[in-house]
Amino acid sequence: MNPLVEFCMSNLAMGAYETYDVLENDPNIDVLEYDCLSHCSLCAEKLYALVNGEIVEADTPEELTKKIYAYIEENPLF
């Protein structure tokens, strides 16, 4: 079972698409996008994604990518 990373379509448009693109090409991560993840106030302020149901946020796409990989490493599924 791969880690699941979920993105909001609006947040992708705000800059998280770079992170999405990197993760989408990683065969060890499942990536999904939704119209809305219901975190609108966070979405308006920062880039974020849900990683296995937990919020990971950052100011830049590069930082978001690093934080997502760090979260996955620190919180294995098994």
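- An unreviewed UniProt entry lists the protein under the name DUF1450 domain-containing protein, from Ureibacillus terrenus.

### What about the side chain of Asp26?
- Considering the arrangement of structural elements, one finds Asp26 in the loop between helix H1 (9-24) and strand E2 (30-34).
- No salt bridge forms around the buried Asp26; measuring N to O, its nearest opposite-charge neighbour Lys66 is 15 Å away.
- In terms of polar contacts, Asp26 uses its side chain to reach the side chain of Tyr69, at 2.7 Å.

### Regarding the pairing of strand E4 (residues 54-58)
- Here strand E3 (residues 47-51) pairs with E4 via five bridges, running antiparallel. By the bridge assignment, Ala49 is partnered in E4 with Val56.

### Looking at H1
- With 16 residues, H1 ought to run about 22 Å at 1.5 Å a step, yet its terminal C-alpha atoms sit only 15 Å apart, falling short of that.
- Of all the bends in H1, the greatest, near 100°, is centred on Gly15.
- Residues Asn11, Leu12, Gly15, Ala16, Thr19, Tyr20 and Leu23 constitute the buried set of H1.
- Looking at the buried residues of H1, the elements they touch are strand E1 (4-8), E2, helix H2 (40-45), E3 and helix H3 (61-74).

### Here's the deal with the pattern of salt bridges
- A full pass over the atoms with the stated rule returns two salt bridges.
- Residue Lys46 is joined to Asp59 by a salt bridge in which the shortest nitrogen-to-oxygen separation is 2.9 Å. Of the two residues, Lys46 sits in the loop between H2 and E3 while Asp59 sits in the loop between E4 and H3, which places them 13 residues apart along the sequence.
- Under the relative-accessibility criterion, Asp59 is labelled exposed at 54%.

### Considering the state of the cysteines
- Under the defined criterion, the tally for this structure stands at zero disulfides.
- Here Cys36 stays unpaired: no disulfide links it, and the sulfur of Cys40, its closest cysteine neighbor, is 4.0 Å away.
- The class of Cys36 is partly exposed, set by a relative accessible area of 42%.

Calculation criteria
Residues numbered from 1 in each chain as written. Predicted model: local features only at pLDDT ≥ 70, side-chain atom pairs only at ≥ 80, totals over all residues. Heavy atoms only, no water. Helix = DSSP H or I, 4+ residues; strand = E, 2+ residues; numbered from the N terminus. Buried < 20%, exposed > 50% of the residue type's maximum accessible area, 1.4 Å probe, protein only. Lys, Arg positive; Asp, Glu negative; His and termini not counted. Salt bridge = Lys/Arg side-chain N within 4 Å of Asp/Glu carboxyl O. Polar contact = N/O pair within 3.5 Å; in protein donor to acceptor, adjacent residues only side chain to side chain. Pairing = 2+ DSSP bridges. Expected span 1.5 Å × (residues − 1). Bend = angle between axes of the 7 residues up to and from the residue. Contact = heavy atoms within 4.5 Å. Disulfide = S-S within 2.5 Å.

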